[in-house]
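Next come the chains, spelled out residue by residue.
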Amino acid sequence: MSLTSSDIHPAAPRPATRLRTTLAANGVWSAAIVVLLIAGGVVLAYQTRATTFWADEWTWILTRRQGGLGTFLDAHNSHFSLVPVLIYKALFATAGLRHYWPYRGVLIALQLLVVLLVFIYARRRVGGYAALLAAALILFFGPGWQDILWPFQMAWLIAVATGVGALQALDR
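Residues numbered from 1 in each chain as written. Predicted model: local features only at pLDDT ≥ 70, side-chain atom pairs only at ≥ 80, totals over all residues. Heavy atoms only, no water.

A. Structural context of the overall build of the protein chain. A count of helices and strands for the protein chain gives nine helices and zero strands. The helix and strand sequence of the protein chain, counted from the amino end, reads α-α-α-α-α-α-α-α-α. Buried residues in the protein chain amount to 33% of all 172 residues. Residue pairs at least 24 apart in sequence account for 69% of intrachain contacts in the protein chain once pairs closer than 6 positions are excluded. Per element, the accessible surface of the protein chain, about 10700 Å² overall, is 69% carbon and sulfur. (Helix = DSSP H or I, 4+ residues; strand = E, 2+ residues; numbered from the N terminus. Buried < 20%, exposed > 50% of the residue type's maximum accessible area, 1.4 Å probe, protein only. Contact = heavy atoms within 4.5 Å. Areas by Shrake-Rupley, 256 points an atom, 1.4 Å probe, with all protein chains shown as cover.)

This is the structure:
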């Protein structure tokens, strides 16, 4: 009995089989993160349902509604806040001050973006289960509630989203 090369080196899975396996695994994790994001969005919307403008937001309402370069570039509590100021100015112009839900919507969208970016970044490194756990921990932040339940804190979410996005860009 003679050995052939196929006996020594069994055939690798065909590319079509590997593609189907990868798509099936991605489909499961995609569905899992979508379910987590929807559940988190509902919880965050519920938790912020009775909120309205508070503390530092009133400073921006009273001092940043006019035009001029200082409106955009003046520091707030020694923090450069250009992007949040641009978002708030856009919301002042489009949503006004009668309804707080557009401000909450921006905050929730940013939080869900951060969770998704953390999941994508972690999944390549630690696998699906641990990445889903990391995403859930970021989604339900516990003691960091001000950063995910108060729209004024969107600057922190923007910073985290751009940081995780930069890490993903470095991977490419």
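Still to come is the rest of the account.
B. Spatial organisation of helix α6 (residues 101-126). Here α6 spans 36 Å end to end across 26 residues, near enough to the 38 Å set by a 1.5 Å rise per residue. Looking one or two places after α6, you find Gly127, whose phi comes out positive at around 90°. (Expected span 1.5 Å × (residues − 1).)

C. Highlighting the packing of helix α5 (residues 82-94) against helix α9 (residues 154-171). Closest axis-to-axis distance for the α5/α9 pair is 9 Å, and the angle between their directions is 120°. When the axes of α5 and α9 are compared, the pair comes out oblique. Between α5 and α9 lies a crossing of right-handed hand. Judged by residue contacts, Val83, Pro84, Ile87 and Tyr88 of α5 engage Met154, Ala155 and Ile158 from α9. The class makeup of the residues in the contact of α5 with α9 is seven nonpolar, no polar and no charged. (Axes fitted to C-alpha atoms, helices over the stretch in contact; angles between N-to-C directions. Parallel < 35°, antiparallel > 145°, perpendicular 65-115°, else oblique. Left-handed = near helix turned anticlockwise from the far one by under 90°. Nonpolar A, V, L, I, M, F, W, Y, C, P; charged D, E, K, R; others polar.)

D. Broad picture of the packing of aromatic side chains. Going through the model one piece at a time under the given rule, you end up with ten aromatic pairs. Ring geometry for Phe53 versus Tyr100: centroids 4.8 Å apart, planes at 70°, classification edge-to-face. Here Tyr100 lies in the loop between α5 and α6 and Phe53 lies in the loop between α2 (15-47) and α3 (56-63), a separation of 47 residues in the sequence. Through a chain of ring-to-ring contacts, three or more aromatic side chains come together here, namely Phe53, Trp58, Trp60, Tyr88, Phe92, Tyr100 and Tyr103. Directly above the ring of Tyr46 sits Arg49, whose terminal nitrogen or CZ lies 3.8 Å from the centroid. Above the ring of Tyr121, the side-chain terminus of Arg125 is found at 3.7 Å from the ring centroid. (Phe/Tyr/Trp six-rings, centres within 6.5 Å; stacked < 30°, edge-to-face > 60°. Lys NZ or Arg CZ within 6 Å of the ring centre and 35° of its normal.)

E. Broad picture of the layout of surface pockets. Quantified by volume, the largest pocket comes out at close to 300 Å³. Taken together, 15 residues line the largest pocket, and the ones lying closest to its centre are His79, Ser81, Gln153, Ala155 and Trp156. Secondary structure elements with two or more residues in the lining of the largest pocket: α3, α5 and α9. For the lining of the largest pocket, the element with the most residues is α9, which contributes four residues. In the lining of the largest pocket, the residues fall into nine nonpolar, five polar and one charged. (1 Å grid on protein atoms, 1.4 Å probe; cavity = no way out; pocket = protein on both sides within 12 Å on 5 of 7 lines; lining within 4 Å. Points joined across faces, edges and corners; volume = space filled by probe spheres on them.)

F. Focus on unusual backbone geometry. You will see that Ala55, though not glycine, has its phi angle at about 45°, which is positive. One can find Ala55 in the loop between α2 and α3.

G. Quick peek at the environment of Leu157. Take Leu157: it is sitting in helix α9. Residues within four places of Leu157 in sequence aside, it is in contact with Leu107, Leu110, Gln111, Val114, Asp147 and Ile148.

H. Looking closely at the nonpolar core. Counting 36 residues, the largest nonpolar core has Ile33, Tyr88 and Tyr103 as its most contacted members. Elements with a minimum of two residues in this core: α2, α3, α5, α6, α7 (128-139), α8 (145-149) and α9. Among the elements that line this core, the one with the most residues is α6, at eleven residues. In this structure, Tyr103 is in contact with Phe53, Tyr88, Leu91, Phe92, Ala95, Gly96, Leu97 and Pro151, ignoring residues within four places of it in sequence. (Core = buried A, V, L, I, M, F, W, Y, C linked by side-chain atoms within 4.5 Å.)

It is worth stressing that arrangement in space is one thing and function is another; only the former is reported here.
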